[in-house]
Structures are given as structure tokens and as C-alpha cells.
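Examination of the molecular architecture
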Amino acid sequence: MRKSHTENTVGPWARQKLDGLEAYLHAYTQALKKKPFDLVFIDAFAGAGRSKIRNAWKGADAEDLQLLDDSFMEDREQFIEGSPRRALKLQNPFSKYFFFDVDRRRAQLLTELRSEYQGRHIEIEVGDANALIRRLVPHLNRWNTRGVAFLDPYGPHLRWQTVETLGATGKFEVIVNFPLGMAINRLITRSGRIPENWRADLNGCFGTTDWENLAYSDEETLFGNTDRRKVDDAAARLLDLYVSRLEAAFGHVATPSVVRNTRGMPIYYMLWAGPHPLGRKIADEILKKRERITAPGRLPRH
């Protein structure tokens, strides 16, 4: 599993998700700028506000290096503005910003944004974003609020209960970076032998145990035993499960957009869900400029 991210570095592919997020937030605040709402932005795994782009792979072989573009190989350090800064610099800003991160050092760096963006209402808290969001939502329900929650976990740390809580407000849209290839699919072993703490994480992430029946098939062997194996299209099935649950919780979902690493492997998917069809239309328009995916069942949406 990935280390704790306290070093605050990202791969070059982070640009895709952050550019998509910024484009959507611009369209969202532009559309609602004359509406009588308090617009709220929640960044559940906010990071430090700015990240260093990794410009080399330790131990990369010749084949790996051929797959890296020129900007990735430059010696000079490159930095990228993270989601907090992109949300704060919008032409039509939100009324309130809530930035959460589990790491105290990253949260401390976020406090510097208050002096850079004076006049913005910025709340910063250290702790588990799942608990912090569930504590915040009852207060939001008492306000004349609409908002967007950006849910970009470092691994399988976003609990379905948190997503469902936001959906139940009828006021929030969510943009989820679903780490299917980067984290979740790695927990689902080919042998089917999954440590109990991994299984608990997966149950919490999906909010159901259905993922296991989708990811594995059980076949009887010639000797009367049962042989469990991971199905070839497990990732696509799990994506479809998660998107279906988002649609049930929020009412509307956009077609997912895949984010790949420099080797072309899918690492996560940008997902949008919300209570209004207009939001889905805007999200589809923005996400279609990036790589779309086709999964079994209902996907793609039209």
C-alpha cells in the first residue's frame, strides 16, 4: 500500500483530476451565483494545498522510462496547485470552505491559505474525514445550503456511510475519485484469501458485501472441492456496483472518467453524483473532454 502521503507528492496524472474538478466548480458556482444559497465546498482529504510532482521512478527500467513524457522527466522541481487552492481562486467563490485532513502537518500548511484568501470563510480540521463530514451535515441541513463535496481518499478510506449521508441531504453533489485500480482492486486477491481487515475496509467502502460475489466465482473441482478465483472483469463489475449505489443515493450520476498512470494503467475514476439532472449534464460535458469508460450493464450513460 502507498505510504502516508505526508511527503505530499503526486504523480503527473493528478493534473487530469484537478483540472476536471476546477472546471466543474467554475461551472457550478457560475450557475448558482445569483441564487439565494450559501454555497459550501467540502474537501474531505484536502492535502496541503500544493503538491510536488514526482519527476522520476526509483528503479525504473528502460521500458518504463520510454513511457514517461518529457515534462515528467525534467530535472527541475514542479509543483501543482491542489484542490483547496483551485476552489478558493474561483471567480465566483463558495460562501464557506471546509478542509479536512488526517495529517496535522498538511492541515497546518492549509492554514496559510487564510492570509492568501482573506475574506473567505475557511474552516480547517484535523481528523478522520468520515467522522468530520457526518458531524458537519446536521448543521448544513439547518442552513439554506447547496454545495459540492470533493472526496479524494488516499486509499480505500472513504466510507459508504459518509457518501450516503451527503446524498440524504438532497443538497450536495459529490465528485469522487474512486481508487479502484490504485487501491481497491489490489485488496481483492486472486486467490480469494483476503485478510479480515482488508475485507472490513472493502465492506466499509462499498457499504455492502455484494462486491465479493461480483469479484469471485466459485467452481467445483473434479475432487469435489470448491475453487475460488477472481473473475477477469472484476474491476469493471465493482465500478458498476459503486456507480449504481451512487445513483440510488443521489438520483443522478455522470458517466465515469478514467485516470491512467504513465504506463496507461487505470488508477482511479472520476465519478459525479448529485440530486439534479442539470448538474449531471454539466458534469457529463466536462468529463467527456477526458477519457470515458465503458463498464458492463448500464454503462455508458446517455
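I will try to describe carefully the structure that is included in this document. Since the structure is predicted, the reported quantities are computational estimates derived from the model, not experimental observations.

At a minimum axis distance of 10 Å, the contact between helix α1 (residues 14-32) and helix α13 (residues 277-287) shows a crossing angle of 145°. For the pair α1 and α13, the crossing hand works out as right-handed. Taken together, the residues of α13 that come into contact with α1 (itself represented by Gly20, Ala23, Tyr24 and Ala27) are Gly279, Ile282, Ala283 and Ile286. Here the contact of α1 with α13 is built from residues that sort into six nonpolar, two polar and no charged.

Under the 1.5 Å per step criterion, the end-to-end length of helix α7 (residues 129-141) is 18 Å for 13 residues, consistent within 8% with the ideal 18 Å. Looking at α7, one finds that the buried residues are Ala129, Asn130, Leu132, Ile133, Leu136, Val137 and Leu140. Of the surrounding secondary structure, the elements contacted by the buried residues of α7 are β2 (38-43), β5 (96-101), β6 (121-126), β7 (145-151), α8 (160-168) and β8 (172-178).

Here we take up the packing of aromatic side chains. If you walk through the whole model with that rule in mind, you get 12 aromatic pairs. On the basis of an interplanar angle of 20° and a centroid distance of 6.0 Å, the ring pair of Tyr28 and Phe94 is categorised as stacked. Of the two residues, Tyr28 sits in helix α1 while Phe94 sits in the loop between α4 (83-88) and β5, which places them 66 residues apart along the sequence. Across the pair, exposure class does not vary: Tyr28 and Phe94 are buried alike. For the ring pair Phe178 and Phe206, a centre distance of 6.0 Å and an interplane angle of 85° mean the geometry is edge-to-face. A residue pair is termed long-range when its members are at least 10 positions apart, and Phe178 in strand β8 and Phe206 in helix α10 (residues 196-206) qualify at 28 residues. Each member of the pair, Phe178 as well as Phe206, is classed as buried. Taken together through their ring pairs, the aromatic side chains of Tyr24, Tyr28, Phe41, Phe94, Tyr97, Phe99 and Trp272 make up a single cluster. In this arrangement the basic side chain of Lys96 is found over the ring face of Trp143, its NZ or CZ atom lying 4.8 Å from the centre.

Ile42, Leu151, Leu166, Phe178, Phe206 and Tyr242 are the most contacted members of the largest nonpolar core, which totals 47 residues. Examining the composition of this core, we find that eight residues originate from one element, helix α12 (residues 234-250), more than from any other. Look past the residues within four positions of Leu151 in its chain and what remains in contact with it is Ala44, Phe45, Ile133, Leu158, Val163, Leu166, Val174, Ile175, Val176 and Asn177. Counting 32 residues, the second largest nonpolar core, distinct from the first, contains Tyr24, Leu25, Ala107 and Leu110.

Interhelical geometry of helix α9 (residues 180-187) versus α10 gives an angle of 125° and a closest axis separation of 9 Å. In terms of orientation, α9 and α10 fall into the oblique class. Contacts between α9 and α10 pair Ile184, Arg186 and Leu187 from the former with Trp198, Leu202, Cys205 and Phe206 from the latter. Here the contact of α9 with α10 is composed, by residue class, of six nonpolar, no polar and one charged.

The rules behind the values
Residues numbered from 1 in each chain as written. Predicted model: local features only at pLDDT ≥ 70, side-chain atom pairs only at ≥ 80, totals over all residues. Heavy atoms only, no water. Axes fitted to C-alpha atoms, helices over the stretch in contact; angles between N-to-C directions. Helix = DSSP H or I, 4+ residues; strand = E, 2+ residues; numbered from the N terminus. Left-handed = near helix turned anticlockwise from the far one by under 90°. Contact = heavy atoms within 4.5 Å. Nonpolar A, V, L, I, M, F, W, Y, C, P; charged D, E, K, R; others polar. Expected span 1.5 Å × (residues − 1). Buried < 20%, exposed > 50% of the residue type's maximum accessible area, 1.4 Å probe, protein only. Phe/Tyr/Trp six-rings, centres within 6.5 Å; stacked < 30°, edge-to-face > 60°. Lys NZ or Arg CZ within 6 Å of the ring centre and 35° of its normal. Core = buried A, V, L, I, M, F, W, Y, C linked by side-chain atoms within 4.5 Å. Parallel < 35°, antiparallel > 145°, perpendicular 65-115°, else oblique.

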